[in-house]
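These are the residues of each chain, in order.
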Amino acid sequence: MTSPSERDDASLLVHAYLDGELDPAHALEVERRLASDPTLAAERDRIAALRDAIGALPREMPSPDLVRRIEAMTAATPPAATHAATRLATHPSWHASWRALAASMLVAAFLGSGATWLALRPGAVETTADLVLANHLRALMAPQPFDVASSDRHTVKPWFNGRVPEAPRVVDLAGEGFPLVGGRVDVIGRVPVPTLVYKRRQHLISLSALPPQAAAALAAGPHTIAGFNTLSWTDGGVTYWAVSDVAADDLAAFEKAFREAKS
Amino acid sequence: MESPGTKPGSGDDQARFRTVVLPHLADAYTLARWLTGNRSDAEDVVQEACLRAFRSIRGFGGVNARAWLLTIVRNAAYSWLGKNRPAALVMVDDLDAVEQQHAHGAIERDAVPQTPEAALIAKADAAQLEKAIAELPVPFRETLVLREVAGLDYREIAEATKVPIGTVMSRLARARQRLIAKLGTSER
């Protein structure tokens, strides 16, 4: 990951180390140097403190008005009205889209309900990958991507009792770079399905555990849908579906870590 | 490239836009907010970026929607800054000159007059920290925000900002050191 020409600069390596950019061999090297060099260790502490402070800054959300305007821009051109669509595409002005605003508000309201918007895709046959992705997207747009927030698997696992027929296997993967952040119950093919939420840097990974009786519980190869990667596998009679916007490699590493973790 | 019947703005494009762009709107807004410095300018930039994204939604390769959108926001912000606040971009040239001297990413440790305790940094209040970030030169600021707020990795930042990974590393390190120096020395 790090180019060899940077190797002489211990400080840069510490930054890269804290950013999770080093391969295990370099990370180990940095850890050794940190252990024997108090000045470098102090620098690590300062960088880590700064990162925490930045991470704790309040995040301003885009105003609902902006979101409405953007949704209006795309929704203002329904599929049938190709004439209007051409005009929007060739017209740099935003105002071109305002004419159809009234019609689009209806669509926006429908989208706002959140429950079924993926079904708007005309003629789309919903595969399990689509359903899993829809749940993930809905979670991303919700104030919280999970219903129970905890990095403790002993909190998350019992939470599922009584909510789904069988609590899923919950493992702690923080050591592998995938900290657990919580869990939620999704619905896939009318079956409530336990879903665990893990984190990879700032990216979220949703992992749904489909029981064998779920009709949709068939594993499929890796997919990429609209920039999101999905991956599924079957283990102990349970079909797992992972979806995230992390790179396919990262998702594969996640599968490996999850399979190999001791529960 | 466009065939009749699949004009931009068709239902598929809308669906794709909703799936690809909307989930990352908050990150897009945050980046624009940090690059322009205020809400209303950030909203203009995000609107413009979303229009660009919508128009080129079919060109999206399907790999990393967040990085793709943030790259568009970043470019839109640069166009906006060039038009409205060219002074903010002038220093980019000077910065390149400075970076040339540090071709191997060496960090000016001497530039940090004191080495504050980590505890002091942890106690810095939000307003003070935000002000310090806002005062960073744009290239440092965008690198820092793409990493710390949007969570892109070095390679994604290199692609978004069109510089080598070594430059990303040195910009990020120097942005952080400037902040550390500032937070460590300003007494409250």
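Criteria and cut-off values
Every chain is numbered on its own, with residues counted from 1 as its sequence reads. Throughout, the order in which chains and ligands are written sets their labels, letters from A for the former and numbers from 1 for the latter. Totals for whole chains, interfaces and linings use every residue, but because this is a predicted model, local features are given only for residues with pLDDT of at least 70 and side-chain atom pairs only at 80 or more, for both listing and counting. Secondary structure elements follow DSSP: runs of H or I of four or more residues count as helices, runs of E of two or more count as strands, with numbering from the N terminus. Labels follow a simple rule on C-beta atoms placed from the backbone: if 20 or more others lie within 10 Å of a residue's own, it is buried; if 12 or fewer, it is exposed; otherwise it is partly exposed. Contact definition: two residues whose C-beta atoms, as placed from backbone geometry, lie within 7 Å. Multiplying 1.5 Å by the helix residue count minus one yields the expected span of that helix. To be clear, the arc concerns the directions from the helix axis to the C-beta atoms. All axes here are fitted lines through C-alpha atoms, helices being fitted over the stretch that makes contact, and every angle between N-to-C directions spans 0 to 180 degrees. Roughly parallel means an angle under 35 degrees; roughly antiparallel means over 145; roughly perpendicular covers 65 to 115; every other angle is labelled oblique. Handedness of a helix crossing follows the sense of rotation of the near helix relative to the far helix, less than a right angle counterclockwise being left-handed and clockwise being right-handed. You can read pLDDT as the predictor saying how much it trusts each residue, on a scale of 0 to 100.

Participant: Just to check I follow, could you spell out the overall build of chain A for this structure?
Facilitator: The secondary structure content of chain A amounts to nine helices and seven strands. Within chain A, buried positions represent 35% of all 263 residues. Nonlocal contacts in chain A, meaning residues at least 24 apart in sequence, comprise 51% of its contacts between residues at least 6 apart.

Participant: Sorry, what's going on with helix α9 (residues 248–260) of chain A here?
Facilitator: Note: α-helices contain 3.6 residues per turn, so residues at a spacing of three or four share the same orientation. An ideal rise of 1.5 Å per residue puts 18 Å on 13 residues; α9(A) measures up with 18 Å between its terminal C-alpha atoms. Elements that come into contact with the buried residues of α9(A) comprise β4 (203–210), β6 (228–235) and β7 (238–244) of chain A.

Participant: Just to check I follow, could you spell out unusual backbone geometry for this structure?
Facilitator: One can expect most non-glycine residues to show negative phi and most peptide bonds to be in trans. Even without a glycine there, the phi angle at R201(A) is positive, about 50°. Topologically, R201(A) is positioned in the loop between β3 (191–200) and β4. C-beta crowding within 10 Å serves as the criterion here: with 17 such atoms nearby, R201(A) is assigned to the partly exposed category. At K162(B), a position not held by glycine, the phi torsion is positive, near 60°. Here K162(B) shows up in the loop between α9 (154–161) and α10 (165–185).

Participant: Please clarify how helix α8 (residues 153–160) of chain A should be interpreted in this entry.
Facilitator: Residues and elements named next belong to chain A. Residues of α8 that are buried: V156, K157 and F160. For α8, the arc enclosing every buried residue in end-on projection is 95°, short of the 170-degree limit, so these residues lie on one face. In α8, the exposed residues that point more than 90 degrees away from the buried face are H154 and P158. Backbone geometry just downstream of α8 places G162 in the positive-phi region, at approximately 85°.

Participant: Looking at this model, I keep getting lost on the packing of helix α2 (residues 25–36) of chain B against helix α8 (residues 138–148) of chain B. Mind explaining?
Facilitator: When two helices pack together, their arrangement is given by the angle between their axes and by how far apart the axes lie. All names here are of chain B. For the pair α2 and α8, interaxial distance at closest approach is 10 Å and the crossing angle is 160°. For the element pair α2 / α8, the angle class is roughly antiparallel. Crossing handedness for the pair α2 and α8: right-handed. Residue-level inspection shows L31, W34 and L35 of α2 in contact with α8, the latter providing V138, R141, E142 and V145.

Participant: Would you explain the confidence of the model for chain A in this entry?
Facilitator: Should the pLDDT be low somewhere, the predicted coordinates at that spot are not to be read in detail. Scored by pLDDT, chain A has a mean of 74; 73% of the residues are at 70 or more. In this model residues 77–125 of chain A is a low-confidence stretch, pLDDT under 50, and it forms 52 contacts with partners more than four residues away in sequence or in other chains.

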